[in-house]
Amino acid sequence: MISVTFEDFCGQERIGIREEPLPFGMYGFTKRTSDGYVIILNAAADDQRKQAALGHELAHIINDHLDLLQSELAERAVRDGVADLVFE
């Protein structure tokens, strides 16, 4: 069995993670870069909220949601029966 660490996964998928000050109520977002992605997390958020935001943003990358509008994401969620898709 091959074991991959989170850091290895992010390196393979070219995903960087940074913390920056963000507006109140915004916990994270993802930007496409010239060589991959960067996930920005709210530096002021607690660790639990950062972890939740990180998972949420990783799901966008893995599911290729970054180029879709929120209305298209909602339509896809309904069509695919994904009841717990959350927009933050």
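Keep in mind it's a predicted model, so treat the numbers as computed, not measured.

(A) View of the overall build of the protein. From N to C terminus, the protein includes 3 helices and 3 strands. Along the protein, helices and strands appear, N-terminal first, in the series α-β-β-β-α-α. Long-range contacts, defined here as pairs at least 24 residues apart, represent 30% of the contacts in the protein between residues at least 6 apart. When the accessible surface of the protein is summed, it comes to about 6300 Å², and 53% of that surface belongs to carbon and sulfur atoms.

(B) A look at the packing of aromatic side chains. A complete count under the given rule lists 0 aromatic pairs for this structure. The aromatic ring of Tyr27 is capped on one face by Arg49, whose charged end is 4.1 Å from the ring centroid.

(C) Main features of the side chain of Lys50. By secondary structure assignment, the location of Lys50 is in helix H2 (residues 47-62). Sequence-distant contacts of Lys50, defined by excluding residues within four places in its chain, comprise Glu19, Leu41, Asn42, Ala43 and Ala45.

(D) Expanded view of the nonpolar core. Residues Cys10, Ile15, Tyr37, Ile39, Leu41, Ala53, Leu54, Leu58 and Ile61 constitute the largest nonpolar core, which totals 9 residues. Broken down by element, this core gets its largest block of residues, 4 residues, from H2.

(E) Fine view of the pattern of salt bridges. In the structure shown here, the tally under the stated rule is 2 salt bridges. The closest approach of N and O atoms between Lys50 and Glu19, which form a salt bridge, is 2.9 Å. Here Glu19 lies in strand S1 (residues 15-20) and Lys50 lies in helix H2, a separation of 31 residues in the sequence. A relative accessible area of 46% places Glu19 in the partly exposed class.

Rules behind the numbers
Residues numbered from 1 in each chain as written. Predicted model: local features only at pLDDT ≥ 70, side-chain atom pairs only at ≥ 80, totals over all residues. Heavy atoms only, no water. Helix = DSSP H or I, 4+ residues; strand = E, 2+ residues; numbered from the N terminus. Contact = heavy atoms within 4.5 Å. Areas by Shrake-Rupley, 256 points an atom, 1.4 Å probe, with all protein chains shown as cover. Phe/Tyr/Trp six-rings, centres within 6.5 Å; stacked < 30°, edge-to-face > 60°. Lys NZ or Arg CZ within 6 Å of the ring centre and 35° of its normal. Core = buried A, V, L, I, M, F, W, Y, C linked by side-chain atoms within 4.5 Å. Buried < 20%, exposed > 50% of the residue type's maximum accessible area, 1.4 Å probe, protein only. Salt bridge = Lys/Arg side-chain N within 4 Å of Asp/Glu carboxyl O.

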